[in-house]
Amino acid sequence: MSIATRADSAIPAESASPLTKRRPFGDRSFQVLALASGLLVLIILVLIAVSMTQQSTTWFTTAGWSGVFSTDWDPAHNAFGALPFIYGTLITAAIAIIIAFPVSIGISLLLTEVVPRRFSRPIVYVIDLLAVVPSVVWGLWGILVLAPWLQGIYQSIASGLTGVPVLSTFFGGTGISGASFFTAGLILAVMITPIVTSLSREVIATVPAIDREGAYALGATRWEMIRGAVWPHSQAGVVGAVLLGLGRAMGETIAAALVIGSSPTITTHLFSTGYSMPSVIANQFGEATVGEFRAALIGMGVLLFVITIIINLSARAIVDRSVRRTQGA
Amino acid sequence: MAIASEQQTVDLREPSGWRRTKNQIATVGMWIAFVVMLVPLGFVLVTVIGKGASAITWQFLTNSNIPINVLPVNYGGVGPAVIGTLEITGFAALMAIPLGVLGGVYINEYGGNHVLARIINFFADVMTGVPSIIMGLFIYTIWVLHFGYSGLAGAFALGCLMLPIVIRSTYEMLRLVPDSLREASYALGATKARVTVTVVLPAALGGIVSGALLAVARAAGETAPLIFTILTTQSLNSNLFSGANTALSTLIFQNATQPYTGAQARAWGSALTLIAIAFILMIVARLVTARFARYDH
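Residues numbered from 1 in each chain as written. Chains lettered and ligands numbered in written order. Predicted model: local features only at pLDDT ≥ 70, side-chain atom pairs only at ≥ 80, totals over all residues.

A few points about the overall build of chain B
Regarding its fold elements, chain B presents 13 helices and zero strands. Tracing chain B from N to C terminus, the helices and strands come up as α-α-α-α-α-α-α-α-α-α-α-α-α. For chain B, the C-alpha radius of gyration of 24 Å lies well beyond 19 Å, the compact-globule estimate for 297 residues. Overall size of chain B, expressed as C-alpha extent along the three principal axes, is 70 × 65 × 35 Å. Per-residue burial over chain B gives 52% buried out of 297 residues. For chain B, contacts bridging at least 24 residues in sequence account for 75% of all contacts bridging at least 6. (Helix = DSSP H or I, 4+ residues; strand = E, 2+ residues; numbered from the N terminus. Rg over C-alpha atoms; globule rule 2.2 N^0.38 Å. Buried ≥ 20, exposed ≤ 12 C-beta atoms within 10 Å, placed from the backbone. Contact = placed C-beta atoms within 7 Å.)

Structural notes on the overall build of chain A
Within chain A, the regular secondary structure consists of twelve helices and two strands. Mapped in sequence order, the helices and strands of chain A form the string α-α-β-β-α-α-α-α-α-α-α-α-α-α. Taken along its principal axes, the extent of the C-alpha atoms in chain A is 75 × 60 × 35 Å. Counting every position in chain A, which comprises 329 residues, the buried fraction comes to 49%. Sequence-distant contacts in chain A: of pairs separated by 6 or more residues, those separated by 24 or more amount to 76%.

Some details on the confidence of the model for chain B
Looking at chain B as a whole, its pLDDT mean stands at 89, while 93% of the residues score no less than 70. Model confidence for the complex: the whole-complex pTM is 0.89, and ipTM, which rates the interface, is 0.89. (pLDDT = per-residue confidence, 0-100.)

Digging into the nonpolar core
Ranked by size, the top nonpolar core spans 198 residues in total, and within it Val137(A), Leu188(A) and Met162(B) carry the most contacts. Setting aside residues up to four positions removed in sequence, Val137(A) forms contacts with Val44(B), Val48(B), Ala271(B), Leu274(B) and Ile275(B). (Core = buried A, V, L, I, M, F, W, Y, C linked by C-beta atoms within 7 Å.)

Section: the packing of helix 2 (residues 25-68) of chain A against helix 7 (residues 151-176) of chain B
It is the contact of helix 2 of chain A with helix 7 of chain B, at a shortest axis distance of 11 Å, that shows an interaxial angle of 140 degrees. On the basis of their axis angle, the class for helix 2 of chain A and helix 7 of chain B is oblique. In terms of crossing hand, the pair formed by helix 2 of chain A and helix 7 of chain B is left-handed. Across the interface between the two elements, Leu40(A), Val41(A) and Ile44(A) from helix 2 of chain A touch Cys160(B), Leu163(B), Pro164(B) and Ile167(B) from helix 7 of chain B. Partitioned by chemical class, the residues of the contact of helix 2 of chain A with helix 7 of chain B number seven nonpolar, no polar and no charged. (Axes fitted to C-alpha atoms, helices over the stretch in contact; angles between N-to-C directions. Parallel < 35°, antiparallel > 145°, perpendicular 65-115°, else oblique. Left-handed = near helix turned anticlockwise from the far one by under 90°. Nonpolar A, V, L, I, M, F, W, Y, C, P; charged D, E, K, R; others polar.)

Observations concerning the environment of Ala53(B)
All names here are of chain B. Looking at the secondary structure, you find Ala 53 in helix 2 (residues 18-53). For Ala 53, a count of 11 C-beta atoms within 10 Å corresponds to the exposed category. As for Ala 53 and Pro 202, which are separated by 149 residues in sequence, their C-alpha atoms are 40 Å apart.

Examining helix 9 (residues 222-251) of chain A
For helix 9 of chain A, which comprises 30 residues, the first-to-last C-alpha distance of 37 Å sits more than 12% below the rise-based estimate of 44 Å (1.5 Å per residue). Of all 30 residues that make up helix 9 of chain A, 22 are buried, and the element is covered over most of its length. (Expected span 1.5 Å × (residues − 1).)

Description of the confidence of the model for chain A
All names here are of chain A. On average, residues of chain A score 87 in pLDDT, and 92% of them reach the 70 mark or higher. Summarising per-element confidence for chain A, the mean pLDDT is lowest in helix 1 (residues 3-6) (44) and highest in helix 3 (residues 83-114) (94). Within the model, pLDDT remains below 50 along residues 1-6, and this stretch shows five contacts once partners closer than five positions in the same chain are excluded.

Notes on the interface of chain B and chain A
Facing the 77 residues of chain B at the interface are 80 residues of chain A. For the side of chain B that touches chain A, the element with the most residues is helix 2 of chain B, which contributes 19 residues. For the side of chain B that touches chain A, the per-class residue count stands at 53 nonpolar, 15 polar and nine charged.

Brief notes about unusual backbone geometry
Phi is positive for Asn78(A), close to 55 degrees, though the residue is something other than glycine. Residue position: Asn78(A) is located in the loop between strand 1 (73-74) and strand 2 (79-80). For Leu231(B), which is not glycine, the phi dihedral falls at a positive 50 degrees. Here Leu231(B) lies in the loop between helix 11 (224-227) and helix 12 (248-256). Using a count of 19 C-beta atoms within 10 Å as the deciding quantity, one classes Leu231(B) as partly exposed.

Some details on the packing of helix 7 of chain B against helix 10 (residues 205-220) of chain B
All names here are of chain B. Close contact between helix 7 and helix 10 brings their axes to 9 Å; oriented N to C, the two are set at 155 degrees. Taken together, the axis directions place helix 7 and helix 10 in an arrangement best described as roughly antiparallel. Handedness of the helix 7/helix 10 crossing: right-handed. In contact with Leu 158, Leu 161, Met 162, Ile 165, Val 166, Ser 169, Thr 170 and Met 173 of helix 7, helix 10 contributes Gly 207, Ile 208, Gly 211, Ala 212, Ala 215, Val 216 and Ala 219. Looking at the contact of helix 7 with helix 10, its residues break down into eleven nonpolar, four polar and no charged.

Quick word on the environment of Val288(B)
Residue and element names in this part refer to chain B. Among the secondary structure elements, Val 288 is positioned in helix 13 (residues 261-292). On the basis of neighbour count, Val 288 is assigned to the partly exposed category, with 19 C-beta atoms found within 10 Å. The sequence separation of Val 288 and Val 209 amounts to 79 residues, and the corresponding C-alpha distance is 7.3 Å.

Here you go:
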């Protein structure tokens, strides 16, 4: 940064502090107002952590560690084990990211390396369009159109794979349903593609032109240029983008709540019904009138909040560091 | 482009080697990725328009009685949900946009390299990744438990969702305003607040408005923050500040799992309405950017 930005040009050189008396009241109050609005972000984040933890303490204290991380979810008998939901959240997010990763990288490379600038604009608009379709519309389409259609496909895949050692543990099984882990993963993949694409595009765009030209000058094809010049530069940033996408997939509620099948089971069969943390909160909150039931659902919100905050912090740190490094600042 | 034309005239590489094939495979792969993204988008749009268009009439959008689920779609309408969505999203925008713009102003104009400004900037970014359901639960624990369900609580939840997005986009736009503009106004003796309000913000107005509209477009379609805060009702409640309310998104969520064709048709009609609202906001945002943005990336 240059000297000009460090020395605030609004303050005369001899004044000691930015809030000196000689500045008019309106000027100072505007600054205070702006500061207060900025601080609101920190206040809200702290309040989220405090108020939600407060409302869920009864769950954590009565159930204990073993109760919270048990597989037994039976609200009628006061058993509130969150493990099936944690499992479902991780599995669906993993499916989503495995599908969304190659697609997003492909589109961002297409936009930065292949398509000329004036044609990339319309593609970006289409991605924005995808981002603005509401979650509940994906869910509605998923449960009424996609799931019934996938049911048959799942069935034929499963019957085709009976007896195949590894694949049948994932894609076989008996309780095959159109609303399942895999359907939820597919919908989530579609929903996180825009964010992963735009973040990786941002990272890939910071690759210096001189590196690209150098690779081309050595006779590299475009693909070799991408592998040799673009990828090493943007690797860390793309990992960060994928992590951010993972965080989004884990927190996505309504679409997952409609298509995941709503049954708290832990199974390797991806075509069978499951549940995830945000979807159980959304689906069962209305029935949760008893103290501990409600506390358990809010407690799962706390878990979700902590997990997504950790993922977002690390992802942001990775992206920032890689952008700073590639820009050489 | 220069490279491409040179390839055609002087090509020193083997005519159909594995390297070139691999390059072509990669390019085709990238286009396939784009098509893979287009397929679900096209599919969902065609379905929603196909099934929703037949449900939408003037009566559907304005009738103030959401009928019981068994009744077909030509009875009543979803007026309360339309009004609820507009009121709640509008009020959320009214709260979040000014605060967000001020927050962005603090980070870029007053923060400088100050640690606090960097912390706020970083956490605003982290907050954009907080799941929307958390905002709903948060407002439930802090507001609904004490004051009951209301449209206002829903607006708070949506506002929490919009705030970090508006802060970040405002900050990004203010960063593009050249320092020479600020320095010129300081040289005329203007105070910092005056410079910010009359010179810096107007210069970045196009970008700020379009960023805010995109945040509103995203919030308008949100369901998860609303189900814990407004408690979906079937009747009209135009009072934002008290009593349970309703919105298009929560109505779709409720009706999606109903076996009745009438309820499902109302869900499709509401989905089309909701998508139309979001798309219109997005298109207006794009037009604003194209028309008013002076400093673009």
